Amino acid sequence: MSVFEKIKEIEAEMARTQKNKATANHLGLLKAKLAKLRRELLTPTGGGGGGGVGFDVAKTGVARVGFIGFPSVGKSTLMSKLTGTFSAAAAYEFTTLTTVPGVIQYKGAKIQILDLPGIIEGAKDGKGRGRQVIAVARTCSLIFIVLDVLKPLTHKHLIEKELEGFGIRLNKQPPNIVFRKKEKGGIAMSASVTLNHLDLDMVKSLLSEYKIHNADVRFNCDATVDDLIDVIEGNRIYIPPIYVLNKIDQLSIEELDIVYRIPHAVPISAHHEWNFDDLLAMMWEYLALVRVYTKLKGKLPDYSAPVVLKGTACTVEDFCNSIHKAILENFSHALVWGSSVKHNPQKVGKDHVLHDEDVVSIVKRIGT
């Protein structure tokens, strides 16, 4: 029996199994088996294959945004209007066949935009080119899920299901579970919160499915079976999405009011270039980038070319490394102007966390 057939068999068994306390253990084991089979299907063993022609794109800029959607929802038109990069667009399905890269300059930051080929239902199971498309999506800092506004919820749920099946978690934080394998001592489980979905027997049976018989597991959140499987698998990617609801020129004012209530969404018209400002503003907010301006001693700050850092790595040390790694060798301290300090300027060390639009002047050690 092929891996694909095994997946279908387990999914069918899960569908016909009633959800209650008596079957919770059995369903948990089925989910673990399903996760293992998906990993086997999507990361095949053996040589050859590769990523497919046109799918491996060199990373440029400080962040990468991927356009994902079903065929002919306007991804190519949107990318052409945003970046000036030509991506084939037509009124029939599957116009884009490879990954088309482009670059957008926004608030001084260089952001790479990828127009990915339209995915189809069953992409997570290897259908069509879905595997390569979603594999590229895993490398993105942010995903634009482009939807036809006339059927947003239908396509939205299908795309979310495909991405979830490939280990991409949308609008979620990694579960606060500490998992550590050890050589002996069995399974030791502890929790700092009340667990409503898991108990020791279920945790043991799940770990046994992965042939893990000695481990320490600590739960700092009310985790589910899916959360524990994600931690054991260890290959999940947590990416924020923005739902781009295209073709709003076909809606009435009343319908548009309803569409505006969908969370994490921006209604636009790629053809008429409507609402691009809101889309770019939300992109910037979700990317959480930090612009830092340089200042030489005795001169005004250089506001023309900011150093752009990721919100998760924006210390003075990160700032120095992004310019040149040799700067830290002679580093004494930094003078900072901006919202991250109480006084302007303030003397700080390399561990100081910078805020957006801070100004930094690096001071070298005397004698260097």
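Residues numbered from 1 in each chain as written. Predicted model: local features only at pLDDT ≥ 70, side-chain atom pairs only at ≥ 80, totals over all residues. Heavy atoms only, no water.

1. Concerning the overall build of the protein chain
So, point 1. Across its full length, the protein chain holds 10 helices and 16 strands.
So, point 2. For the protein chain, the proportion of its 368 residues judged to be buried stands at 45%.
So, point 3. Partitioning the intrachain contacts of the protein chain with sequence separation of at least 6 by distance along the chain shows that 64% fall at a separation of at least 24.
So, point 4. In the structure as shown, the protein chain presents an accessible area of about 19200 Å², 53% of it carried by carbon and sulfur atoms. (Helix = DSSP H or I, 4+ residues; strand = E, 2+ residues; numbered from the N terminus. Buried < 20%, exposed > 50% of the residue type's maximum accessible area, 1.4 Å probe, protein only. Contact = heavy atoms within 4.5 Å. Areas by Shrake-Rupley, 256 points an atom, 1.4 Å probe, with all protein chains shown as cover.)

2. Here we look at the pattern of salt bridges
So, point 1. Tallied over the full model, the rule gives 15 salt bridges.
So, point 2. Residues R38 and E11 are paired through a salt bridge, measuring 2.6 Å at the closest nitrogen-oxygen approach. In this pair, R38 is assigned in helix α2 (residues 21-42) and E11 in helix α1 (residues 3-16), connecting sequence segments 27 residues apart.
So, point 3. Residues joined in a network through salt bridges with shared partners are E164, R169, K172, D230 and R236. (Salt bridge = Lys/Arg side-chain N within 4 Å of Asp/Glu carboxyl O.)

3. Remarks on the confidence of the model for the protein chain
So, point 1. Counting all residues, the mean pLDDT for the protein chain is 85, and 87% of those residues have values of 70 or more.
So, point 2. For the protein chain, helix α4 (residues 130-137) is the element with the lowest average pLDDT, namely 73, and strand β15 (residues 346-348) is the one with the highest, namely 96.
So, point 3. This model gives residues 45-54 a pLDDT under 50, and the stretch forms 7 contacts once residues within four places in sequence are excluded.
So, point 4. The low-confidence segment residues 88-96, where pLDDT is below 50, has 19 contacts with residues more than four positions distant or belonging to other chains. (pLDDT = per-residue confidence, 0-100.)

4. Some details on the pairing of strand β12 (residues 289-294)
So, point 1. Buried residues dominate β12, accounting for 5 of its 6 residues.
So, point 2. Pairing analysis gives 5 bridges linking β12 to strand β13 (residues 302-310), with the strands arranged antiparallel. Residue pairing across strands places L289 opposite K310, the latter belonging to β13.
So, point 3. Two strands pair when backbone bridges link them, and β12 and strand β16 (residues 358-364) are joined in this way by 3 bridges, in the parallel orientation. Of the residues in β16, the one forming a bridge with V292 is D358. (Pairing = 2+ DSSP bridges.)

5. Details of helix α6 (residues 200-209)
So, point 1. Within the span of α6, buried status applies to M202, V203, S205, L206, L207 and E209.
So, point 2. Of the residues trailing α6, K211 is marked for its positive phi of about 60°.

6. Overview of helix α10 (residues 316-323)
So, point 1. If you check which residues of α10 are buried, you get V316, F319 and C320. Angular distribution of buried residues about the axis of α10 spans 95°; they occupy a single face of the element.
So, point 2. On the buried face of α10, the contacting elements are β12, β13, β14 (331-337), β15 and β16. (Arc of directions from axis to C-beta.)

7. Quick notes on the layout of surface pockets
Gaps left between atoms are located by rolling a probe of water-molecule size over the structure's atoms.
So, point 1. Within this model, the second largest pocket holds a volume of roughly 490 Å³.
So, point 2. Contributing to the lining of the second largest pocket are 17 residues, with A24, L27, H197, M202 and V225 lying nearest its centre.
So, point 3. Mapped onto the lining of the second largest pocket, the elements with two or more residues apiece are α2 and α7 (225-233).
So, point 4. By residue number, the principal contributor to the lining of the second largest pocket is α2, which donates 7 residues.
So, point 5. Looking at the lining of the second largest pocket, its residues break down into 5 nonpolar, 7 polar and 5 charged. (1 Å grid on protein atoms, 1.4 Å probe; cavity = no way out; pocket = protein on both sides within 12 Å on 5 of 7 lines; lining within 4 Å. Points joined across faces, edges and corners; volume = space filled by probe spheres on them. Nonpolar A, V, L, I, M, F, W, Y, C, P; charged D, E, K, R; others polar.)

8. Notes on the packing of helix α3 (residues 75-83) against helix α9 (residues 276-287)
So, point 1. Where α3 meets α9, the closest approach of the two axes is 12 Å, and the angle between their N-to-C directions is 85°. One element, α3, and the other, α9, form an angle in the roughly perpendicular class. Taking contact as the criterion, the partners of L78, K81 and L82 in α3 are, on α9, F276, L279 and L280.
So, point 2. Considered class by class, the residues forming the contact of α3 with α9 number 5 nonpolar, no polar and 1 charged. (Axes fitted to C-alpha atoms, helices over the stretch in contact; angles between N-to-C directions. Parallel < 35°, antiparallel > 145°, perpendicular 65-115°, else oblique.)

9. Observations regarding the sheet that holds β14
So, point 1. Pairing is mixed across the open sheet formed by 5 strands, whose spatial order is β13-β12-β16-β14-β15. Every other strand in the sheet has two partners, leaving β13 and β15 as the edge strands with one partner each. Averaged over all pairs of adjacent strands, the angle between strand axes in this sheet comes to 40°, irrespective of strand direction.
So, point 2. Sheet analysis places β14 next to β16, joined by 6 bridges and oriented antiparallel. Note that in β16 the partner of F331 across the bridge is K364.
So, point 3. Contacting β12, β13, β14, β15 and β16, α10 crosses the sheet at an angle of about 115° to β13.

10. Observations regarding the nonpolar core
Nonpolar side chains tend to gather and get buried jointly when the protein is soluble and globular.
So, point 1. Counting residues in each nonpolar core, the largest one holds 30 residues, and the members touching the most others are V65, F67, L78, I111, F144, L279 and M283.
So, point 2. Among the elements of the structure, β1 (63-68), α3, β2 (100-106), β3 (109-115), β4 (142-148), β10 (241-246) and α9 are those that each provide at least two residues to this core.
So, point 3. By residue number, the principal contributor to this core is α9, which donates 7 residues.
So, point 4. Every residue in contact with I111, bar those within four places of it in the chain, is listed here: A63, V65, G102, V103, I104, Y106, M283, L287 and L289.
So, point 5. Judged by nonpolar contacts, the second largest core, of 28 residues, contains I68, L114, L251 and A265. (Core = buried A, V, L, I, M, F, W, Y, C linked by side-chain atoms within 4.5 Å.)

11. Details of the packing of aromatic side chains
So, point 1. Scanning all chains against the criterion turns up 3 aromatic pairs.
So, point 2. Note on F67 and F144: the rings are 5.2 Å apart at their centroids and 45° apart in plane angle, and the pair reads as tilted. Placement of F67 in strand β1 and of F144 in strand β4 is noted, with a sequence separation of 77 residues between them.
So, point 3. For F67, a relative accessible area of 0% translates into the label buried.
So, point 4. Between Y293 and Y303 the ring centres are 4.9 Å apart and the planes differ by 65°, which places this aromatic pair in the edge-to-face class. Remark: Y303 occurs in strand β13 and Y293 occurs in strand β12; sequence separation between them is 10 residues.
So, point 5. Exposure remark for Y293: the relative accessible area of 7% places this residue in the buried category.
So, point 6. What makes Y303 exposed here is its relative accessible area of 52%.
So, point 7. A cation sits over an aromatic face here: K36 above Y210, 5.7 Å from the ring centre.
So, point 8. Above the plane of the ring of Y243 lies K156, whose end atom (NZ or CZ) is 4.8 Å from the centre. (Phe/Tyr/Trp six-rings, centres within 6.5 Å; stacked < 30°, edge-to-face > 60°. Lys NZ or Arg CZ within 6 Å of the ring centre and 35° of its normal.)

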